[in-house]
Amino acid sequence: VQLQAFGGGLVQAGDSLRLSCSASGRSFSRYTMGWFRQAPGKEREFVAAVNWRAGNTYYADSVKGRFTISRDIAKNTVYLEMNSLKPEDTAVYYCAAEENGYSGVRYSYSDYAYWGQGTQVTVSS
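I will try to describe carefully the structure that is included in this document.

Scoring rules and cut-offs
- Residues numbered from 1 in each chain as written.
- Predicted model: local features only at pLDDT ≥ 70, side-chain atom pairs only at ≥ 80, totals over all residues.
- Heavy atoms only, no water.
- Helix = DSSP H or I, 4+ residues; strand = E, 2+ residues; numbered from the N terminus.
- Polar contact = N/O pair within 3.5 Å; in protein donor to acceptor, adjacent residues only side chain to side chain.
- Pairing = 2+ DSSP bridges.
- Axes fitted to C-alpha atoms, helices over the stretch in contact; angles between N-to-C directions.
- Buried < 20%, exposed > 50% of the residue type's maximum accessible area, 1.4 Å probe, protein only.
- Contact = heavy atoms within 4.5 Å.

**So, the environment of serine 110**
Structurally, the position occupied by serine 110 is in the loop between strand 9 (91-99) and strand 10 (114-115). Through-space distance from the C-alpha of serine 110 to that of arginine 44 is 9.6 Å; in sequence the pair is 66 residues apart. A distance of 2.8 Å separates the side chain of serine 110 from the side chain of serine 108, its partner in a polar contact.

Here's what the structure looks like:
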């Protein structure tokens, strides 16, 4: 499994940004695809996830209502649309994949076997 994340950048508070994660290497029908982030000096934390086949979505409370995760099965790509960005959203964002069946989610980064490289998101106030 190969994951490649891109789309980060420097934005101002209130702006929007869309991250993409291109996935390859196998069928992902039994996978959950997730986005995590890690700020300096902090642990990697769950942001959002989507079941590849069922399309169920899950969000951290801190991003609920502002971020939207989606997947394009034909393009093997997962997106994270981030709106109303805040300085506290500043972090390196990682996409990850876990084979956990067709539905459900795990929130710990240790449960995800595959990771893409991170992409930096910086939100200035």
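**A short note on the sheet that holds strand 8 (residues 77-82)**
Taken together, the four strands give an open sheet; going across it, the order is 1-3-8-7, and neighbouring strands pair in antiparallel fashion. Whereas interior strands pair on both sides, the edge strands pair on one side only; in this sheet they are strand 1 (2-6) and strand 7 (67-72). If you compare each strand with its neighbour and ignore which way they point, the axes differ by 15° on average. Direction of pairing for strand 7 relative to strand 8: antiparallel, over a ladder of six bridges. Counterpart to aspartate 72 in the pairing with strand 8 is threonine 77.

**A short note on the pairing of strand 4 (residues 31-38)**
Of all eight residues that make up strand 4, seven are buried, and the element is covered over most of its length. Pairing geometry for strand 4 and strand 9, over eight bridges, is antiparallel. Bridge pairing links threonine 32 to glutamate 98 in strand 9. Where strand 4 and strand 5 (residues 45-51) come together, six bridges link them in antiparallel fashion. Among the inter-strand pairings, methionine 33 is bridged to a residue of strand 5, identified as valine 50.

**Remarks on the environment of cysteine 21**
The topology assignment puts cysteine 21 in strand 3 (residues 17-24). On the basis of relative accessible area, cysteine 21 is assigned to the buried category, the value being 1%. It is 18 Å that separates the C-alpha atoms of cysteine 21 and threonine 90, two residues lying 69 residues apart in sequence. Those residues in contact with cysteine 21 that lie beyond four places of it in its chain are Leu3, Gln4, Ala5, Trp35, Asn76, Thr77, Val78 and Cys95.

Taken by themselves, the reported measurements are silent on function.
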